[in-house]
Amino acid sequence: MNMNDYKNKRVPPDWCPGCGNFAQLSAITMALAELKIDPKDVVVASGIGCSSNMPEFLNTYGFHGLHGRLVPFAAGVKWANSKLTVIAYGGDGDGFFEGTQHFYHTAKRNVDITYMVSDNQVFGLTTGQASPTAPIGLRTKTTPDGNIETPFNPIAFALNAGATFVARAFSGDVKHLKDITVRAIKHKGFSFIDVISPCVTWNKENSYEYFRPRVYHLENNDVTNFDQAYKLAFEWGDHIPIGVFYEVERPTYEDLDEVLKDGPLVEQKVHTLTEEDLEEFA
Amino acid sequence: MTIMRQNEVIIRVAGAAGDGVQSAGEILVRTFARSGLYATSYNYYQDIIRGGESWYQVRASDVKVKNQGDGLDILVALNQDGVERHTNPDINEGGASPLGKDGIAIFDNSIKGYTKRDTNYCPMPLADIAAKYSKNTLLKNTVGLGAAIAASGIDFNIFADVIRDQFGKKGDIAELNVKAAKEGYDYFLANYKPLGKKFKFGKKKYMISGGMAVALGAVAGGLKMYVAYPMTPASSALHFLAQHAKKYGVFVKIPEDEISAINTVIGANYAGVRAMTGSSGGGFALMTEAVGLSGMTEVPLVIYEAQRPGPSTGLPTKTEQGDLNQVLGASQGDFPRIVFAPGDIEEAFYLTREAMNIAEKYQTPVFIMSDLYLAEHYDTIDSFDLNFTIDHGLRAKDNEQDYKRYLITETGISPRAIPGQPGNMHNEDSDEHNEYGDVVSDAVTNPQDRIRMMQKRMRKMDTYIEEMKPTPTYHIEDAEYVIIQWGSTKGAVEEAVDILRSKGIKIGAIEVKNVFPLNPDIGTLLKNKKKIIAVENNYSGQLSKYISAQFLVKPDLITKYDGEAFYPNALADEIEVRIGKKKEVIRE
Ligand SMILES: Cc1ncc(C[n+]2csc(CCOP(=O)(O)OP(=O)(O)O)c2C)c(N)n1
Ligand code: SF4
Ligand SMILES: [Mg+2]
């Protein structure tokens, strides 16, 4: 298997040339190839947005659902069949506005899925409005005088929620992005990756050129140290850490649930109702 | 006019919320069921945990009882208010008539001043007897129930066993209760005369609520996952499933909201597991967008929608059928959907079970619409026919050549592939797509693909209509007048038909079990009738309007939107007025 075996040969990506999403497509397909996961055992679920078109370009099982609702969908897939590798992929508007509560609670439950967000600080598909991660002062269609709302901090949010794997990557550094993706998929539990992914069409301020000199690789940080991770989560501006902030082992929801722990639901026998079952109503 | 039958008894337990009215009522239903009688019940309560007025009515007979009935034989009043409300002929509690002549009122003898009315007032030392056994004041309910069992002529030993089961492992407490009940039983017989009911006791029955029947039907239909956010009156199904999760191998989860619930079960169904969600109108409103997602991606989905009166939070502990417009209109665009409305406990079981197959066969959302009355009242059944085959519908073979998830077919049904299946990788999309599932909405917009896909999906409805079973009818053959009914009004409507037929009026009813799509045979059933009357537990006659539009008929409309179910005698009176056989009834 090589990365191209994970791509849909009929449908080429429709993103603008230079869009950060291309890097994520490469990273996901390279990571799956490296991990030798059979495409039949992969589900990539998405919401709505430029980024969320991802599953259309893949030769895995895919589901392009509703804006903001990809995470509960992905959890449903995982709970139905825990043998599958489940990746939820969507935008920052999708995940940090409409889907915030799902993100929080699914992370808290430690459902064993990988959630990757293409964070371009704008709504790409709907032609460039300010997203929850838009920096103060960003001029967009909906903030002509500059954004005045404090940006959402995805890393701190994921840590607060109880995600057991929290990372940031950058579309301008595909090899690193791929490495992080491999680790996220391998991690047992809820893995979150916030990918700084420039929108070359609607966000000229936060471009590759802007981010390239600012990002630096996290090295030698103790990924089991929550306080350190939390502190790093607030580092932004001239120095932007990318890499794994936090990674710990904790039982997944599937490990703990009294029904799911007996194995993939899809393989468990359906109960045949008998006369004896009715006796409890006597 | 209320017809009292020798082989029927109606008992009402009345008190304040928190007095244990409901559990007392349930003990009665179970006692009747085990005695080999049919019973049904009605729980009148308010949305407060403690203090508000509450009563529970049980109607039992040796023939099937269709609803709670509007008469009353025995009242067990747990407080003064209960005696007053249910024996004062000027008070009509939500349509339920007060205790009349010859009726028996059992209450504690500390409640004074009840001698004058034309009722058999039977004050008893309920509290004193209870105090002999326990400090727990709820024990006086059990003493009162013992007296009611004596008054209705039921075997005390069966009642005693029900109490023992109720207390389960707490054996000592159970025995105290049995002894107290026996004293109440004996005291009544020593001091008052029983009603002299004559029952033909049959085989023991099972006692089950509508919500439980929906849950059990789903399990029988292969349910493996139920994800729902609590909301009355849908929660009885959720609670039942949560308590039986391990036994039936059903994964049950309360997520962060209803939007999560429905998207989660769509994910599970997509991955090949039968999963279901449920809510009431408010919670269902939040699910709206995802209903269309199931329609568009053709992922099977069963939704249990248990109605309560709206708008908004409405009357959370009351009944109504006001969500039909919402269910029919949920989500943008046209897509196939199928809506069932069970009329009683048995139909709740069978239709939910069937819905599980239908959803997978047609790969589209299927609804079970119920309401508080059906979901929360206990009823009895002889048994369920447990013969059933799970049918997963059209599935793709492994490694299909040139697999098309949305293959254009004559039936509209395309072969499904499930993640994990070799070779059939594809994308399912909420955007319009072609046969492969590849998106055709933006860059490669193709009107032909769009039109063919719309037609393919909608063709599933034609296919379904062909397999629909005939609309159930009641005394329709020679009927000059016909009633249209859907959902839980079935019992009251059928009994109203019985009452009117006993007066020589040729009337019948049709039950609209398939509220969407409508069975074309309804048009024929409504032909050449002197009058068509729709009976609905809502304000505007939601089903009636929709039937009028489809079959070009003009039904007269009888509605009720006070939060209570229909009562058969009151309904029969109203029907008589509408067909011109009776002057308007003045009711306060
Ligand atoms: C319920 C709902 N609301 C609004 C929209 C319109 N909409 C589509 S994509 C989008 C925002 C996309 O932004 P983001 O999630 O950041 O994705 P990007 O395009 O930037 O990758 C919106 C608002 C929708 N499709 N559904
Ligand atoms: S609009 Fe922005 S996010 Fe969307 S495809 Fe173009 S560059 Fe990418
Ligand atoms: Mg975005």
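Residues numbered from 1 in each chain as written. Chains lettered and ligands numbered in written order. Predicted model: local features only at pLDDT ≥ 70, side-chain atom pairs only at ≥ 80, totals over all residues. Heavy atoms only, no water.

**As for the environment of A163(A)**
All names here are of chain A. Within the secondary structure layout, A163 lies in the loop between α5 (154-161) and β7 (165-170). Of the residues examined, A163 reaches a relative accessible area of 2% and is grouped as buried. Each C-alpha atom of the pair A163 and V111 lies 9.1 Å from the other, and the pair is 52 residues apart in sequence. The contacts of A163, once residues within four sequence positions are left out, are A107, A158, F190 and Y246. (Helix = DSSP H or I, 4+ residues; strand = E, 2+ residues; numbered from the N terminus. Buried < 20%, exposed > 50% of the residue type's maximum accessible area, 1.4 Å probe, protein only. Contact = heavy atoms within 4.5 Å.)

**Quick look at the environment of L394(B)**
Residue and element names in this part refer to chain B. Turning to its location among the elements, L394 is positioned in the loop between β14 (378-381) and β15 (427-429). As for L394 and R416, which are separated by 22 residues in sequence, their C-alpha atoms are 6.3 Å apart. Not counting the four nearest positions on each side in its chain, L394 is found in contact with Q363, I413, S414, P415 and R416.

**Details of the side chain of Q24(A)**
Residues and elements named next belong to chain A. Assignment of secondary structure puts Q24 in helix α1 (residues 21-34). By relative accessible area, which is 0% here, Q24 ends up buried. A distance of 2.8 Å separates the side chain of Q24 from the side chain of S171, its partner in a polar contact. Excluding anything up to four places from it in sequence, Q24 contacts M54, Y89, M116, S118, S171, L177, V195 and S197. (Polar contact = N/O pair within 3.5 Å; in protein donor to acceptor, adjacent residues only side chain to side chain.)

**Focus: the site of ligand 1**
By nearness alone, 17 residues border ligand 1, and C50(A), S51(A), D92(A), D94(A) and G124(A) come closest of all. Nearby residues around ligand 1 are contributed by chains A and B. Here an oxygen atom of ligand 1 and a backbone polar atom of D94(A) are 2.7 Å apart. Starting from 580 Å² of accessible surface for ligand 1 in isolation, the protein chains cover 78%. For the shell around ligand 1, the element with the most residues is helix α3 (residues 92-98) of chain A, which contributes four residues. Split into classes, the residues belonging to the shell around ligand 1 amount to five nonpolar, eight polar and four charged. (Near = heavy atom within 4 Å. Areas by Shrake-Rupley, 256 points an atom, 1.4 Å probe, with all protein chains shown as cover. Nonpolar A, V, L, I, M, F, W, Y, C, P; charged D, E, K, R; others polar.)

**A look at the coordination of the magnesium ion (ligand 3)**
D92(A) (OD), N120(A) (OD1) and V122(A) (O) make up the full set of protein donors to the magnesium ion (ligand 3), lying at 2.0 to 2.2 Å. For D92(A), a relative accessible area of 2% puts it in the buried group. (Donors = N, O, S within 2.8 Å, 3.2 Å for Na, K, Ca; no water.)

**A few points about the sheet that holds strand β3 (residues 85-91) of chain A**
Reading across from one edge, β9(A)-β10(A)-β7(A)-β8(A)-β4(A)-β3(A)-β1(A)-β2(A)-β15(B) is the order of the nine strands in this open sheet, with mixed pairing throughout. At either end of the open sheet lies a strand with only one pairing partner, and these are β9 (215-217) of chain A together with β15 of chain B. On average, each strand axis in the sheet is inclined to that of its neighbour by 20°, with strand direction left out of account. Sheet topology places strand β1 (residues 42-46) of chain A next to β3(A); five bridges connect them, and they run parallel. What sits directly across from V42(A), in β3(A), is T85(A). (Pairing = 2+ DSSP bridges. Axes fitted to C-alpha atoms, helices over the stretch in contact; angles between N-to-C directions.)

**Structural notes on the pattern of salt bridges**
Here the structure, examined in full by the defined rule, presents 54 salt bridges over all chains. We note a salt bridge from D498(B) to K66(B), for which the minimum N-O separation is 3.9 Å. Linking D498(B) in helix α16 (residues 490-501) with K66(B) in the loop between β3 (53-61) and β4 (74-77), this pair joins segments that are 432 residues apart in sequence. Between D449(B) and R452(B) there is a salt bridge, with its nearest N and O atoms 3.5 Å apart. Taken together, the residues D449(B) and R452(B), both in helix α15 (residues 447-467) and three residues apart, mark about one turn of the helix. On the basis of relative accessibility, which here comes to 35%, the residue R452(B) falls in the partly exposed class. Members of the salt-bridge network, linked through shared partners, are E34(A), K175(A), K178(A) and D179(A). (Salt bridge = Lys/Arg side-chain N within 4 Å of Asp/Glu carboxyl O.)

**Examining the domain arrangement of chain B**
Residue and element names in this part refer to chain B. Taken as a whole, chain B is organised into domain 1 (8-191), domain 2 (208-381), domain 3 (394-467) and domain 4 (473-580). Spacing between the C-alpha centres of domain 1 and domain 4 amounts to 34 Å. Of the residues lining the interface, 13 residues belong to domain 1; the matching set on domain 4 comes to 15 residues. The junction of domain 1 with domain 4 conceals about 990 Å² of combined surface from both sides, 40% of it contributed by carbon and sulfur atoms. When the buried area of domain 1 at its contact with domain 4 is split by residue, Y42, K66 and D70 rank highest and sum to 50% of it. Seen at the junction of domain 1 and domain 4, the total is three salt bridges. Here domain 1 is connected to domain 4 by nine residue pairs in polar contact (both at pLDDT 80 or more). Counting only elements with at least two residues in the side of domain 1 that touches domain 4, the list comes to β2 (38-44) and β3. The class makeup of the residues in the side of domain 1 that touches domain 4 is four nonpolar, five polar and four charged. (Domains from an automatic or database assignment. Buried area = accessible area lost by both parts, 1.4 Å probe.)

**Comments concerning the interface of chain A and chain B**
In this assembly, 53 residues from chain A lie in contact with 67 residues from chain B. Summing both partners gives a buried area of about 5100 Å² for chain A against chain B, and 61% of it is carried by carbon and sulfur. The largest share of the area that chain A buries against chain B comes from Y61(A), L273(A) and F281(A), three residues that together contribute 16% of it. Applying the counting criterion to the chain A and chain B interface returns five salt bridges. The partner of R10(A) in a salt bridge is D438(B), with the nearest N and O atoms 2.5 Å apart. The interface formed by chain A and chain B includes 28 residue pairs in polar contact (both at pLDDT 80 or more).

**What to know about the side chain of E53(B)**
Residue and element names in this part refer to chain B. Mapped onto the elements of the fold, E53 is located in strand β3. Judged by relative accessible area, E53 falls into the buried class, the value being 11%. At 3.2 Å, the side chain of E53 and the side chain of R85 are in polar contact.

**Quick notes on the site of ligand 2**
Taken together, W15(A), C16(A), C19(A), C50(A), N120(A), C199(A), V200(A), T201(A) and W202(A) are the residues near ligand 2. Looking at side-chain class alone, the shell around ligand 2 contains seven nonpolar, two polar and no charged residues.

**A look at helix α3 (residues 126-133) of chain B**
Residues and elements named next belong to chain B. For α3, the complete set of buried residues consists of L126, I129 and A130. Considered in projection along α3, the buried side chains sweep an arc of 100° and stay on one side of the axis. Away from its buried face by more than 90 degrees, α3 exposes D128, A131 and K132. Elements that come into contact with the buried residues of α3 comprise β5 (104-108), β6 (120-124), α4 (139-152) and α6 (171-191). (Arc of directions from axis to C-beta.)

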